[in-house]
Every structure is written in structure tokens, then in C-alpha cells.
Amino acid sequence: MGRYQDHHRASLADRESFWRRESTLIDWQRPFDTVLDYSRPPFARWYVGGHTNICHNALDRHLATRRDQAALIYISTETGRERIYSYGELHAEVNRCAAVLRELGVGPGDRVLIYMPMVPEAAIAMLACTRLGAIHSVVFGGFAPASLATRIDDAQPKVLFTAEGGMRGGRTIAYKPLVDEALDLAQHRLSSVVVVDRGLGTGMRLRPGRDLDYATLRARHERAAVPCAWLESSEPSYILYTSGTTGKPKGVQRDTGGYAVALASSMRSIFCVAPGATMFTTSDVGWVVGHSYIVYGPLINGSTTILYEGLPIRPDPGIWWQIVEKYRVCTMFSSPTAIRVLKKQDDAYLKRHDLSSLRYLFLAGEPLDEPTAHWAADNLGVAIVDNYWQTETGWPILSAQPGVEDAPRKFGSPSFPVYGYDVRLLNATSGEEAGVNEKGVLALEPPLPPGCMSTLWRDDRRFVETYFATFPGRQTYSTFDWALKDDDGYYFVLGRTDDVINVAGHRLGTREIEEAVQAHKGIAEVAVVGVADPIKGQSPVAFAVVRDIASLATAASTAQLREEVLKTVDRELGAIGRPSAVHFVTLLPKTRSGKLLRRSIQAMAEGRDPGDLTTIEDPAALEEIRRVLAAPQG
Ligand code: AMP
């Protein structure tokens with residue numbers, strides 16, 4: 001592991017030289033004056049004074065050599081559409097979209113909210129924003145109107161870019177009515193809503209004076225050439241909201257130059273995708289993996305990216321392997337949940353395809369269990385690379401780095417710290433470093449490397465107070481994950497330190513789900529916990545105290561209330577937050593000081609011992625939890 005260690009050591013011992021070298025992977029319109037300005041800890045500014053543009057690096061600079069090479073391959077197994085955009089074509093589309101946004105008054109620093117299904121226009125709109133120097137905020141299409149409204153109010157976009165609807169498993173989900181409802185709920189008034197009509201026949205209505213049809217606008221700019229806005233490196237490229245322990249989502253703010261360099265560098269050193277080669281990332285553009293490794297990373301690197309709309313098992317469970325074969329994918333990036341779903345299918349689907357082009361399967365977003373990793377390794381015959389990171393960091397924190405050195409991997413471990421990250425395992429109470437094989441909080445000694453969040457959108461204080469105030473006596477970034485390091489230096493991630501749960505690789509705050517449940521007027525109080533799930537990793541389970549016990553008088557009224565609660569969550573947060581079970585109770589287990597005993601509830605829901613209960617206010621509450629868990633849910 002000598003080469004890996006030297007590389008990592010060099011990245012921390014002499015940050016300036018290391019990141020100066022990596023900076024040459026992108027184009028700069030004006031060279032930077034300073035590699036790193038860390039005069040105001042914990043805020044790090046990378047490549048100060050340098051001017052660049054992400055869209056230029058993702059498209060324009062490749063035109064001379066890759067105009068006809070595939071840039072983006074769009075495959076929808078929902079609509080049966082498949083289209084290959086060459087670099088030249090994607091560049092032209094992005095210019096048209098940028099011209100549309102410019103016509104609507106969007107310029108540098110303006111926000112554009114993108115609420116889109118997995119269609120090429122999602123990536124095109126993102127690139128059009130970065131071209132203009134506008135700040136996009138992509139909100140995952142599964143979020144409900146109330147969640148969308150919160151994000152609209154925080155980001156205050158000038159334009160909202162959406163589509164008439166999405167499709168999932170053959171079902172059409174109309175987006176436009178959700179957007180209308182969100183805009184009615186939001187305080188902020190934006191000037192235009194641009195709608196992509198996909199021909200799904202959702203019967204969408206455009207509100208005069210606000211809503212505009214994208215195809216009509218686009219037709220006016222067929223030959224558009226919109227210059228790239230050169231931004232100072234630290235200027236924001238995007239905001240991406242993520243869940244935390246409070247109900248209010250955090251707007252992770254990303255810079256421009258540092259992000260582009262980190263992505264370019266990771267494409268080579270971690271993901272081993274050569275320019276011209278094809279990467280298939282199965283995430284959604286609404287998540288950080290989609291931002292970094294469906295859209296920006298592969299394009300900045302001059303590679304081909306695949307944007308897939310559909311399920312991994314439709315029309316049959318061989319569809320992803322068919323794509324790998326057809327487009328000679330060399331690196332695939334997916335989630336453990338997706339692989340667990342595929343593991344349950346007949347292996348014959350996999351064996352049917354020629355996977356000789358595939359070299360790596362990267363998996364992230366949630367813990368990768370050993371049986372799943374083994375299954376994938378045995379059946380695909382490629383390297384399975386567990387990598388650990390967060391929305392906040394934008395690219396991997398822990399990962400094998402085969403582009404640096406092909407070190408052996410251990411199942412169950414995302415290997416080692418990635419270059420640039422000064423990873424520590426700290427004792428949460430003392431702030432001291434944990435010993436070998438000792439559990440500690442996974443922390444990052446600042447400055448955070450390029451690509452990581454620069455702050456929270458318009459909330460520097462929350463940035464410092466949320467992430468840098470965990471450990472006594474030191475201003476170290478907390479990931480809020482437990483981890484340990486074994487004798488050989490391999491890290492093992494052991495779960496969250498806070499009340500955040502991970503459902504199918506998506507981070508959700510239990511507090512957010514609780515607020516959504518409580519939006520039902522029949523619910524007085526609720527506790528939501530994450531319970532181990534064989535496919536999704538975890539699933540949310542709710543224990544709700546009803547206001548009026550009479551609502552539970554009959555099995556039918558109980559079932560109706562349960563149904564209403566689930567619908568409320570769908571409306572407030574979106575189906576991704578929907579509890580897999582809702583249990584009604586008359587009281588919740590709390591300490592004498594009124595703190596909810598979540599860990600005990602969670603343990604009981606997983607059939608484990610509830611642990612130390614000496615502080616419990618009323619033991620009857622636990623008895624009730626035990627009783628409802630044992631009873632079948634109607
Ligand atoms: P998100 O910001 O939504 O990507 O969620 C990040 C969180 O997902 C991390 O803080 C971890 O709790 C979890 N996570 C991500 N990748 C891994 C991994 N490879 N192993 C274990 N947990 C992971």
C-alpha cells in the first residue's frame with residue numbers, strides 16, 4: 001500500500017503543491033492567485049482568484065476532440081426511449097436551454113430550482129445553469145409539495161424548471177399539480193415555471209403569466225450560442241438540500257473551481273474512467289451521487305455517461321447488465337439496496353450478458369453488507385468498491401483508490417481515507433483520538449478538501465454550529481457516523497450518531513418524518529425510528545399517540561386512520577418518507593426529563609433488548625410498544 005500511503009500523505013503534508021497539480025485537470029480562464037485561503041477557519045476557499053466555468057469544462061473544452069463522441073446516453077425503460085447525445089449535440093441543447101433561462105432573466109448568482117424526473121432535460125437544465133453562472137437547486141422528484149415549498153422559500157429561485165410528470169414502474173406521476181401546490185404553499189414568489197411536456201398525457205394546465213412550455217421557448221433559440229459566465233472559483237455552483245436532525249433541511253452549498261477539480265481528479269484516481277470510456281451511475285440526478293457522477297464528473301472527464309429512467313428489474317432483472325453489454329460500460333456506480341434487489345432475482349439474467357467491459361462496481365450511500373458484496377463479486381467477477389461519503393462532501397471520503405494503487409479490499413469496509421481528507425476517529429465526549437479497533441466518531445480535520453461544501457446556503461452560522469461544534473476543544477468536522485479502524489488501517493462504518501436514518505441509501509431525518517406524521521390533526525405525538533430492513537437497509541416505523549382514542553374504536557376506523565397518516569406523509573414529505581408501519585399507542589417511552597427513548601424503541605422494533613431503562617418515566621409505555629409490535633397490523 002506504499003503508493004496509496006505516499007499519495008495520501010502528500011495530499012495533506014503539502015496541500016498547496018498537491019492541489020496545484022490536480023488543478024491542471026480543468027481549464028481556467030484566469031489562473032488562481034492562491035491554492036487555498038484558510039484565513040477564516042473553518043471556511044476554506046480553494047483556488048482563490050481563479051476564474052472558471054463548470055459547463056465549459058464539461059462540454060465546450062471537449063468539442064475540439066470529442067464533438068461526435070457520445071456524451072450522454074439516455075435510456076428510459078419506462079417510455080421505451082433511448083437517445084444518444086454527442087458532445088456536440090449536448091452542447092447545442094445546453095446552449096438552447098441557457099438561452100431560454102437568460103430570456104427569463106436568469107443571470108449569475110440567480111437561483112433556478114430543478115424538479116425533474118430522469119430525463120435528459122434535467123441534466124441539460126443543470127448544465128445551462130452552470131453555463132450562466134446561475135445556482136441550481138435540484139430537488140428530488142419524489143419530494144412532496146410541502147418539502148418542495150420549504151426549499152423554494154429557502155433558495156428563493158427566479159425560475160422553477162420542471163416536467164409534466166415522471167414515471168415509475170409503468171405508473172405516471174404528474175409533477176405539475178405538485179409544483180402548483182408547492183407554489184401555493186410557498187411564501188416566495190418566483191417569476192416563471194418552465195415545464196417540459198413529455199407527452200405523457202397528464203393533462204397539465206399552464207397558469208397564464210407564470211407557466212411556460214419549454215418546447216415553445218426552446219424553438220426560439222435553435223441556434224443559440226450563450227457564452228459561459230466565468231466565475232471566481234469560490235462562487236457557488238449549486239445548492240443541494242439534505243436532511244438533518246431538525247425538520248428544516250440544510251442547503252449544502254458547493255463552490256465552482258474546487259468542485260470541478262475534485263471531480264476531475266476522482267474520475268481518474270478513484271473511479272478509473274478514462275476519457276472516452278463509459279460510466280453508468282444508477283442514482284437519480286436529485287441526489288449528490290447524481291450531481292457528481294451522472295452529470296458533472298463523467299462530462300468534465302470527457303467520458304460518456306448513462307442517464308437511466310426506470311427500475312433495475314423492468315422489463316426484466318437483466319436490464320442493467322444488458323446496458324453494460326450494449327454500451328461497453330467500464331465503471332458502474334450503484335447502491336447496496338439496488339444490488340440487494342438484483343441479488344434476489346434469478347442469476348441467469350446476469351449470466352446472459354457479456355460483462356467483459358466492466359471493471360468496477362462502486363457502491364455507496366449506505367452500509368454494504370458482506371453477503372451482498374460477495375454475491376456481486378462472485379457473479380460479476382469485477383472489483384466491488386464500497387465508498388463512503390456524504391452530500392456535504394460531494395465526492396468520496398473513504399474508498400479504495402485503484403487509480404492510485406490497486407490495494408486489496410476487505411468486505412464490509414470502504415477501505416481508507418481518500419487523498420485530501422484528514423480523517424480522524426474521535427471520542428465524542430473527550431475529543432481525543434480513538435485507538436485501533438476502537439469506535440469513534442468519523443471526523444475530518446479541516447480545511448476540508450476541494451469539492452466539499454463551502455457553507456450552508458445563507459447560513460454560515462448554522463454551518464459552523466452544525467458541523468464543527470461536536471468535539472470539545474477542537475473545531476473538527478463531524479460526519480455524525482461512528483466508525484473504527486482495524487489493525488491494517490481499514491475503516492468500518494458503524495452507523496449514525498444522530499437521529500438520521502438511511503432508507504435505500506437516502507438520508508432522512510426521523511424528525512422530518514415525525515413532523516409529517518404530526519401534520520395529521522388526529523395525531524398528538526409520534527416517535528419514528530429506523531428499523532433494520534433486509535432490502536432497504538432501514539425503514540421508518542412510527543409509533544403514534546392519537547388525540548381521540550375513539551378513532552381506534554374499531555378495526556376499520558384504525559385502518560382508516562393509518563391510511564390517512566400515510567397519505568399525510570406522502571403529501572408533506574413524499575413517499576420516500578412513508579413509514580413501513582404505523583403503530584398506535586397511548587403514550588411514548590420517555591425519560592423523566594421528557595426525552596424520547598428512541599434507541600430503546602428502535603431496539604424493541606428490531607427484536608433486541610431495549611437496554612438501560614433506569615431513567616424511564618413510565619415503564620407501561622414500553623409494555624405498550626411491546627404489545628403493539630406483537631399484534632398484527634390490519
Ligand atoms: P447522503 O448525504 O444522503 O449521501 O448520506 C450520507 C450518509 O449515508 C453517511 O453519513 C452515512 O451515514 C451513509 N453512508 C454513505 N455511504 C456509506 C457507506 N459506504 N457505508 C456506510 N454508510 C454510508
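Here the structure is a predicted model, which is why all the values come from computation and not from measurement.

Asker: Hey, could you run me through the sheet that holds strand β22 (residues 440-444) in this one?
Answerer: Sheet strands associate in pairs through backbone hydrogen bonding, adopting either a parallel or an antiparallel arrangement. Pairing is antiparallel across the open sheet formed by 4 strands, whose spatial order is β21-β22-β24-β25. Both edges of this open sheet fall to β21 (423-426) and β25 (491-496), since each of them pairs with a single strand only. The sheet shows a mean angle of 45° between the axes of neighbouring strands, taken without regard to direction.

Asker: So what exactly am I meant to see when it comes to the pattern of salt bridges here?
Answerer: Should the charged atoms of two oppositely charged side chains come close, the side chains can pair. What the rule picks out here adds up to 43 salt bridges. Of the charged contacts in the structure, one is a salt bridge between Lys176 and Asp180, with a shortest N-O distance of 2.9 Å. Taken together, the residues span about one helical turn, with Lys176 and Asp180 both in helix α8 (residues 176-185) at a distance of 4 residues. With respect to burial, Lys176 and Asp180 carry one shared label: buried. Where Asp422 meets Arg424, a salt bridge forms, and the shortest distance between an N and an O atom there is 3.0 Å. Using a relative accessible area of 16% as the deciding quantity, one classes Asp422 as buried.

Asker: Mind showing me how you'd approach the nonpolar core here?
Answerer: Soluble, globular proteins show a tendency: their nonpolar side chains are buried together. Counting residues in hydrophobic clusters, the biggest one holds 112 residues, and the most contacted among them are Leu90, Leu127, Phe161, Tyr296 and Trp395. In terms of residue count, the dominant contributor to this core is helix α6 (residues 120-132) (9 residues). Look past the residues within four positions of Leu127 in its chain and what remains in contact with it is Cys55, Ala58, Leu59, Leu90, Val94, Val295, Tyr296 and Leu299. Listed in part, the 37 residues of the second largest apolar core include Leu190, Leu508, Val565 and Leu566.

Asker: What should I look at first to understand empty space enclosed by the protein in this one?
Answerer: One way to see where empty space is left: roll a probe the size of a water molecule over the atoms. With the rule as written, the count across this model stands at 5 cavities of 30 Å³ or more. Here the largest cavity defines a volume of roughly 80 Å³. Every residue along the wall of the largest cavity is listed here: Pro42, Ala44, Trp46, Asp255, Leu448, Pro449, Pro450, Gly451, Cys452, Met453, Ser454 and Phe463. The class makeup of the residues in the lining of the largest cavity is 9 nonpolar, 2 polar and 1 charged.

Asker: Explanation requested: the side chain of Ser233 in the structure shown.
Answerer: Within the secondary structure, Ser233 is located in the loop between β13 (231-232) and β14 (238-242). Within polar-contact distance, the side chain of Ser233 engages the backbone oxygen of Trp46 at 2.7 Å. Excluding residues within four positions of it along the chain, Ser233 makes contact with Trp28, Trp46, Tyr47, Gly50, Asp255, Thr256, Gly257 and Gly258.

Asker: I keep staring at the sheet that holds strand β23 (residues 455-456) and nothing clicks. Help me out?
Answerer: As summarised here, the arrangement of the 8 strands in space is β12-β11-β8-β6-β7-β14-β15-β23, forming an open sheet in which the pairing is mixed. Strands with a single pairing partner mark the edges of an open sheet, and in this sheet they are β12 (211-213) and β23. Bridging between strand β15 (residues 250-254) and β23 involves 2 bridges; their strand directions are antiparallel. Within β23, the residue paired with Gln253 across the bridge is Thr455. Here α8 sits on the sheet and contacts β6 (111-115), β8 (159-163), β11 (192-196) and β12; the angle it forms with β8, its principal contact strand, is near 155°.

Calculation rules
- Residues numbered from 1 in each chain as written.
- Predicted model: local features only at pLDDT ≥ 70, side-chain atom pairs only at ≥ 80, totals over all residues.
- Heavy atoms only, no water.
- Pairing = 2+ DSSP bridges.
- Helix = DSSP H or I, 4+ residues; strand = E, 2+ residues; numbered from the N terminus.
- Axes fitted to C-alpha atoms, helices over the stretch in contact; angles between N-to-C directions.
- Salt bridge = Lys/Arg side-chain N within 4 Å of Asp/Glu carboxyl O.
- Buried < 20%, exposed > 50% of the residue type's maximum accessible area, 1.4 Å probe, protein only.
- Core = buried A, V, L, I, M, F, W, Y, C linked by side-chain atoms within 4.5 Å.
- Contact = heavy atoms within 4.5 Å.
- 1 Å grid on protein atoms, 1.4 Å probe; cavity = no way out; pocket = protein on both sides within 12 Å on 5 of 7 lines; lining within 4 Å.
- Points joined across faces, edges and corners; volume = space filled by probe spheres on them.
- Nonpolar A, V, L, I, M, F, W, Y, C, P; charged D, E, K, R; others polar.
- Polar contact = N/O pair within 3.5 Å; in protein donor to acceptor, adjacent residues only side chain to side chain.

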